[in-house]
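Summary of structural features
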Amino acid sequence: MVGGVAAGLAEHLRLPVVGVRAAFVVMALMSGLGVVLYAGLWLMLPADTAFTTDTPGAESASRGGRRPTTLRERLVDAGPVVALAALGFGALLVFEAIVGAGVLFWPVVLGVAGLVLLWRQADEAQRDRWRHASGRLTPLQLVVGDGYGAWWRIGAGAVLVVMAALLTFLDSGALYADGWGLVVAVLFVVGGVALVMGPWLHRMATDLSAEREERIRTQERADMAAHLHDSVLQTLALIQKNAADPTVVARLARMQERDLRSWLYADDASASESLAGALRAVAAEVEDAHGITVEVVTVGDAATTDADVAAGVRPIVAATREAITNAAKHAGTGRVDVYAEIGPTEAEVFVRDRGRGFDPDDVPADRHGVRDSITARMQRHGGSARIRSTPGEGTEVRLALPLPTAREGVRSGEPASEPAATAPLQEEPR
Amino acid sequence: MTSGPTKVLVVDDHAMFRVGVRAELAREGAGVVDVVAEAADVDEALAVLASTEVDVVLLDVHLPGGGGVEVMRRTPLDRRPRFLALSVSDAAEDVIGTIRGGARGYVTKTITGAELVAAIRRVADGDAVFSPRLAGFVLDSFAGSISVAEVDEDLDRLTEREREVMRLIARGYSYKEVAGELFISIKTVETHMSSVQRKLQLSSRHELARWASDRRLL
């Protein structure tokens, strides 16, 4: 929960995250072993590659301060500092626990291990910079920094270390016996080392995360430029060519708006991956083909990465396309509302227009559109279609289809034991 | 609203958009809606609110200085105007966050002038304005809590009736059509909407909290 170590470990080992966290806590109670492990793993484990978690638009708004910041983001900033503090604390506890068996051996091992881990975590570019820096600065300057402050720190650290050494080696009699002298000595050593090394370690850690973020940002800028070139520039060129035709201009603008909007703000999956994505895609197609506005609102979603599921939801997608096309052709208004509610076991789609409407009983027998491609298709696949229309007030088509699940043959209609196919809410206990 | 045109403050960081809204409201809402001031960021908006009497604030969700939520958070509670969020952003957590921050409704920037005037009047009268998209977000945010059998936690769930109202609005029904469909009065529809809005603002537990934290809102 502090650095996401338990969650990452749990994901890697495919264990429940609660168990991993509990293990850390138990180990932490055992003379701080868990704390050391946690901090060590935090430094060592590779960061999640999915570094950016928001859509480009939201990210950009966050960077520009146009969105409220979350507590989580503020905590992440403090991450490296907390890790180093935890590492120091853990080292202290371990030191205390195993004292007597080589007092100086373990602190040295821990210190070296910590540095090695930090080094390992740094990527190539960062390492180059350090090497480069060490070429120009003396090693001492590199470690402790520049200026009077640095020398004061070194002085204070050295005094502390000397005091600790004096306490340990000269007072090995009475003070050693009650244990307190040792604790004080250890505290002095750790404090001294922290004073000398702290600023350097902190700078190294923040450099690291800043560098990683900057790299990702550069990639994002490249993506953004490419996207703007591909879409917006092309559309603007087309609009200039068609400036005389307001319908075409409006259609192009709408198309571009939808494209940018979904790219900036929608983090939902593409047409091939989810039912909602597929419905949005067909709505967009009809919108472009007929020059109308189709407003799509979806609630919930079902992943269609599984081939069986993808085949199972195809009827409702096709029927939706047919219904929107009908509305575009016959309603006589420029606007169609599509609402899809995708639950664990059933998907419902409503396609509504406020056009001229018709009397369903009056549809000539030779008109196959509605009967074959909507009603019959839905019924064939175990679903249903209901059409409500009032002349002068508009038409609403309601489509419902039981959803197949990705799991072995839980067929439509039966309550699925677990909503395996839907993933709108992935619970993560915290 | 008692009498006279509704006094409106437009808060948006895009000057072109402010000009557009002002022109559109002058054309469609002459005598009904009056844009008395504009602001480009959180601090400007607060300064205007401190000095000018305003009925309704058209508030951009993404705003320099911490977003529209920040304006609502820092507006003193006395003499508080009503807020209507107006945004191009489709990010669900921002929209829900703005409603939870106290906005009376959410409409997208592609709304027509006439619809915007109607929405402003509705908000000025103390009603909630739910666009189909917002209704969808609301349903999504409460989703799953319907089947949970925790009867005492009624704050965290929509009643069956509220859900029906939300669904119809998501389907593109106007308030009048919702009322006709459910055989209730428009006033009752408005009551349901206000109650949904209140739940959004008060509820912080269970499904909603989980939904929000999944989207890194909390």
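Residues numbered from 1 in each chain as written. Chains lettered and ligands numbered in written order. Predicted model: local features only at pLDDT ≥ 70, side-chain atom pairs only at ≥ 80, totals over all residues. Heavy atoms only, no water.

1. Details of the overall build of chain A
Rules: Each helix is a run of DSSP H or I of at least 4 residues and each strand a run of E of at least 2, with the numbering of both proceeding from the N terminus. Only protein chains enter the accessibility calculation, which uses a 1.4 Å probe; a residue whose area is less than 20% of its type maximum is buried, one above 50% is exposed, and one in between is partly exposed. The contact rule is simple, with two residues in contact once any of their heavy atoms fall within 4.5 Å. Per-residue accessibility takes into account occlusion by the displayed protein chains alone, with areas from the Shrake-Rupley method and a 1.4 Å probe.
Along its length, chain A carries 16 helices and five strands. The burial tally for chain A puts 34% of its 430 residues in the buried class. Residue pairs in contact within chain A that sit at least 24 positions apart in sequence constitute 69% of those at least 6 positions apart. A total of about 23,900 Å² of accessible surface is found on chain A, and carbon and sulfur atoms cover 62% of it.

2. Let's talk about the sheet that holds strand S5 (residues 105-108) of chain B
Residues and elements named next belong to chain B. Keep this limit in mind: The pairing criterion for strands is at least two bridges between them, as found by DSSP. Think of each axis as a best-fit line through the C-alpha atoms, taken over the contacting stretch in the case of a helix, with angles from 0 to 180 degrees between the N-to-C directions.
With parallel pairing, six strands are arranged side by side in an open sheet as S2-S1-S3-S4-S5-S6. A strand with exactly one partner marks an edge of an open sheet, and here the two such strands are strand S2 (33-39) and strand S6 (129-130). Direction of pairing for strand S4 (residues 82-87) relative to S5: parallel, over a ladder of three bridges. The partner of Ser87 across the bridge, within S5, is Thr108. The strands touched by helix H5 (residues 113-124) within the sheet are strand S1 (6-11), S2, strand S3 (56-60), S4, S5 and S6, with S4 carrying the most contacts at an inclination of about 150°.

3. Focus: helix H8 (residues 175-182) of chain B
Residues and elements named next belong to chain B. Which entries qualify depends on this criterion: Working definition: the arc comes from the directions between the helix axis and the C-beta atoms, pointing outward to the latter.
For H8, every residue scored as buried is listed here: Tyr175, Val178, Ala179 and Leu182. The buried residues of H8 occupy an angular sector of 100° when projected down its axis, which confines them to one face. Of the residues flanking the end of H8, it is Phe183, one or two places downstream, whose phi is positive at about 55°.

4. Concerning the packing of aromatic side chains
To keep things clear, this is the line we draw: Each Phe, Tyr or Trp ring, with Trp reduced to its six-membered ring, pairs with another whose centre is within 6.5 Å; inter-plane angles below 30 degrees give stacked pairs, above 60 give edge-to-face pairs, and intermediate values give tilted ones. Charge-over-ring contacts are defined here by two conditions on Lys NZ or Arg CZ: a distance within 6 Å of the ring centre and an angle within 35 degrees of the ring normal.
Per the counting criterion, the structure on display carries one aromatic pair over all chains. Geometrically, the ring pair formed by A:Tyr339 and A:Phe350 is stacked, given 6.1 Å between the ring centres and 20° between the ring planes. Of this pair, A:Tyr339 sits in strand S2 (residues 335-342) while A:Phe350 sits in strand S3 (residues 346-353), placing them 11 residues apart in sequence. Neither A:Tyr339 nor A:Phe350 differs from the other in exposure class; each is buried. One cation-aromatic arrangement involves A:Arg352 over B:Tyr173; the distance from NZ or CZ to the ring centre is 4.1 Å. Looking at B:Arg171, its charged tip hangs above the ring of A:Phe350, at a distance of 3.6 Å from the centre.

5. Section: the sheet that holds strand S1 (residues 293-299) of chain A
Spatially, S1-S2-S3-S5-S4 (chain A) is the arrangement adopted by the five strands of the open sheet, whose pairing is mixed. With partners counted over all chains shown, the strands left at the sheet margins are S1 and strand S4 (384-390) of chain A, one partner each. Across the sheet, the mean angle from the axis of one strand to that of its neighbour is 10°, orientation sign disregarded. The sheet contacts of helix H6 (residues 132-142) of chain B involve S1 and S2 of chain A, and relative to S1(A) the element is tilted by about 15°.

6. Here we look at the packing of helix H7 (residues 160-170) of chain B against H8(B)
All names here are of chain B. The criterion, for reference: By the definition adopted for this analysis, an angle is roughly parallel if under 35 degrees, roughly antiparallel if over 145, roughly perpendicular if from 65 to 115, and oblique otherwise. For any pair of crossing helices, the crossing counts as left-handed if the nearer helix is rotated counterclockwise from the farther one by less than a right angle, and right-handed if it is rotated clockwise. In the scheme used here, Gly and all other residues not listed as nonpolar or charged are polar, with Ala, Val, Leu, Ile, Met, Phe, Trp, Tyr, Cys and Pro taken as nonpolar and Asp, Glu, Lys and Arg as charged.
Two numbers describe how H7 lies on H8: the axes approach to 10 Å, and their chain directions differ by 130°. Between H7 and H8, the interaxial angle falls into the category oblique. Crossing angle aside, the handedness with which H7 passes H8 is right-handed. Here Arg161, Glu164, Val165, Leu168 and Ile169 of H7 come into contact with H8, specifically with Tyr175, Val178, Glu181 and Leu182. Grouping the constituent residues of the contact of H7 with H8 by class yields six nonpolar, no polar and three charged.

7. Remarks on the confidence of the model for chain A
Residues and elements named next belong to chain A. Applied cut-off: Residue-level confidence of the predictor is what pLDDT reports, using numbers from 0 through 100.
Mean pLDDT for chain A: 68, with 47% of residues reaching 70 or above. The least confident element of chain A is helix H8 (residues 124-136), whose mean pLDDT is 47; the most confident is S3, at 89. Predicted confidence is poor over residues 407-430, with pLDDT under 50, and the contacts of this stretch with residues over four places away or in other chains come to 40 contacts.

8. Looking at unusual backbone geometry
All names here are of chain B. If you check the backbone angles, Phe183 has positive phi at about 55° while not being a glycine. In this fold, Phe183 is placed in the loop between H8 and helix H9 (186-202). What makes Phe183 exposed here is its relative accessible area of 78%.

9. Comments concerning the pairing of S3(B)
All names here are of chain B. Most of S3 is tucked away: five of the five residues are buried. Residues Val56, Leu58 and Asp60 of S3 are buried on one face, and the alternating residues Val57 and Leu59, pointing to the opposite face, are buried as well. For S1 and S3, the ladder comprises four bridges, and the chain directions are parallel. Within the sheet, the bridge partner assigned to Val10 lies in S3 and is Leu58.

10. Structural notes on the packing of helix H14 (residues 275-290) of chain A against helix H15 (residues 307-331) of chain A
Residues and elements named next belong to chain A. Running from N to C, H14 and H15 point in directions that differ by 25°, and their axes come no closer than 10 Å. By the angle class used here, H14 and H15 are roughly parallel. As H14 packs across H15, the resulting crossing turns out to be right-handed. Contacts between H14 and H15 pair Leu275, Ala278, Leu279, Val282, Ala283, Glu285, Val286 and His290 from the former with Val313, Ile316, Val317, Thr320, Arg321, Ile324, Thr325, Ala328 and Lys329 from the latter.

11. Notes on helix H4 (residues 92-100) of chain B
Every α-helical turn comprises 3.6 residues, leaving residues that sit three or four positions apart pointing alike. All names here are of chain B. The element H4 is largely enclosed, with a buried count of eight among its nine residues. Within H4 the residues assigned to the buried category are Ala92, Glu93, Asp94, Val95, Ile96, Gly97, Thr98 and Ile99. Just downstream of H4 lies Gly102, where phi reads positive at about 125°.

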